[in-house]
Amino acid sequence: MPFNIALSGLNAASTDLEVTGNNIANAATNGFKESRAEFADLYASAIQDTSSNAVGQGVRVAKVAQQFGQGSIDFTSNNLDLAISGQGFFVLENTDGTQAYTRAGAYSVDRDGFVINHANDRLQVYGAATGVGGVTTFNTGVLEDLQLPTTPSAPSATTGVSAALNLDSSQLPPTAVFNPANPASYNSSTSTTVYDSLGNAHTSTMYFRKSGSNAWDQYYYVDGTEVPPSGQAAGTPFTLGFDGTGALTSVNGAATTTAAASPYDPGNGAAPVNLTFDFDGTTQYGSSFAVNNLSQDGFTSGRLAGVDIDTEGVIFARYTNGQSSALGKVALAKFNNQQGLRQIGDTNWAESFASGGPQLGEAGTSSFGQIQSGALEASNVDIAAQLVNLITAQRNFQANAEVISTADSITQTIINIR
């Protein structure tokens, strides 16, 4: 009997060494969670002897329990490296169509633009959608692969120009007939770039000419071609009226700050450009001409320049034209019993009957942690503790081997009795 008891001890110590060795081997594996060997004693009967004289039958490995403590966050220079600070798992779709869950966030992009890990598993997100009022929302009911755009983004024609300027009230009206080639025929000018429906850039210039007390004319040109107010003939300027305090009171004779321009045909196959000016914030003070704000809402086409991911998991694509758009939101999963998850390798887990089904959600909501972009979660293995465990398991193995040696000596003595 001592042989069997000691043999169970050897097996238990060997398993403990294996678990400890696996922890040490994965001390540098991102997202790895250490395990712990748990033991239980053995008796011949489930009902112990009431005389308290029952002798144990050895030991068995009751469970190899995973320890899902938080690993340290190490920062990197790759925005697609993701770490979870708190609860939750990233959701992956394997190449066979099944789902896996992981804390390892080292992702890259394949040739088709899909965000994948080293095993070509695709990161799952909630897709972006346009909600009421043009607000970006996310379809949290359906998971989809995260795919970065590989084609240029579409351009957008300019529809509005906002200009907040100060026109110098101390200047005198020019005497020369207006001519954009003659600086003496106007008081001030400023330019900006506008875009047509094909994304081509065009230089637009506004010329300001004082026409009287508290009154100014604005002539507008695009690529050297005059663009008069909507419905007006060429040579007709936009008119700006001010009160005695220098505040803008009218545009083209109406009590408003906006005015539409006539369509401009760029002549390159693009649709005519229809602009509306907004002069809100324009003043006439006794100081030099100044451009406080001059902006327009169009842009040319652009290619993907980079990806940003915020703490809530929203993925933004940045383009070379200065625009950005939301591509989706990283999905997270949690389980009622995460220790019941089944390890499937590659630092991935799969759900099991013991773990229960996944509960999907978003970073920063409920009990889900937040996402850190440009960072990886390190293994939660404590090397110092594992080395101590290694020594302990080794001593246990040696002690059980000594029990076998002692039992063998006793048996040999009995056999030698004559």
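Look up: the structure comes first, before these words.
Everything quoted here is computed from the prediction, not taken from an experiment.

## Quick word on the pattern of salt bridges
Moving on, step 1. The final tally for this structure, using the stated rule, is six salt bridges.
Moving on, step 2. Among the salt bridges present, the one from Arg103 reaches Glu377, with a minimum N-O distance of 2.9 Å. Residue Arg103 is found in the loop between strand E6 (99-102) and strand E7 (108-109), and its partner Glu377 is found in strand E28 (residues 375-377); the two are separated by 274 residues along the sequence.
Moving on, step 3. Residue classification places Arg103 among the buried residues on the basis of a relative accessible area of 6%.
Moving on, step 4. Using a relative accessible area of 1% as the deciding quantity, one classes Glu377 as buried.
Moving on, step 5. Of the charged contacts in the structure, one is a salt bridge between Asp308 and Arg318, with a shortest N-O distance of 2.6 Å.

## Observations concerning the packing of helix H1 (residues 2-25) against helix H2 (residues 383-415)
Moving on, step 1. Interaxial distance between H1 and H2 falls to 9 Å at its minimum, and their mutual angle equals 160°. The angle between H1 and H2 places the two elements in the roughly antiparallel class. Every pair of crossing elements has a handedness; the one defined by H1 and H2 is left-handed.
Moving on, step 2. A class-by-class count of the residues in the contact of H1 with H2 yields 18 nonpolar, ten polar and two charged.

## Some thoughts on unusual backbone geometry
Moving on, step 1. Located in the positive-phi region is Asn252, a residue other than glycine, with phi close to 55°.
Moving on, step 2. Within the secondary structure, Asn252 sits in the loop between strand E17 (248-251) and strand E18 (258-260).
Moving on, step 3. Taking relative accessible area as the criterion, Asn252 reaches 34% and is therefore assigned partly exposed.
Moving on, step 4. Even without a glycine there, the phi angle at Ser366 is positive, about 50°.
Moving on, step 5. With respect to the element layout, Ser366 can be found in the loop between strand E26 (359-362) and strand E27 (370-373).
Moving on, step 6. According to the relative accessible area criterion, Ser366 is exposed, its value standing at 68%.

## Some details on the sheet that holds strand E19 (residues 276-278)
Moving on, step 1. Read across the open sheet, the four strands follow the order E18-E19-E11-E20; overall the sheet is mixed. Edge positions in the sheet fall to E18 and strand E20 (290-296), since each has one partner strand and no second. Neighbouring strand axes in the sheet, compared pairwise and without regard to direction, differ in orientation by 15° on average.
Moving on, step 2. Note that strand E11 (residues 160-166) and E19 share three bridges and pair parallel. Bridging from a neighbouring strand, Gly160 pairs with Thr276 of E19.

Parameters and conventions
- Residues numbered from 1 in each chain as written.
- Predicted model: local features only at pLDDT ≥ 70, side-chain atom pairs only at ≥ 80, totals over all residues.
- Heavy atoms only, no water.
- Salt bridge = Lys/Arg side-chain N within 4 Å of Asp/Glu carboxyl O.
- Helix = DSSP H or I, 4+ residues; strand = E, 2+ residues; numbered from the N terminus.
- Buried < 20%, exposed > 50% of the residue type's maximum accessible area, 1.4 Å probe, protein only.
- Axes fitted to C-alpha atoms, helices over the stretch in contact; angles between N-to-C directions.
- Parallel < 35°, antiparallel > 145°, perpendicular 65-115°, else oblique.
- Left-handed = near helix turned anticlockwise from the far one by under 90°.
- Nonpolar A, V, L, I, M, F, W, Y, C, P; charged D, E, K, R; others polar.
- Pairing = 2+ DSSP bridges.

From the geometry alone we can't say anything about function, so treat these as descriptive.
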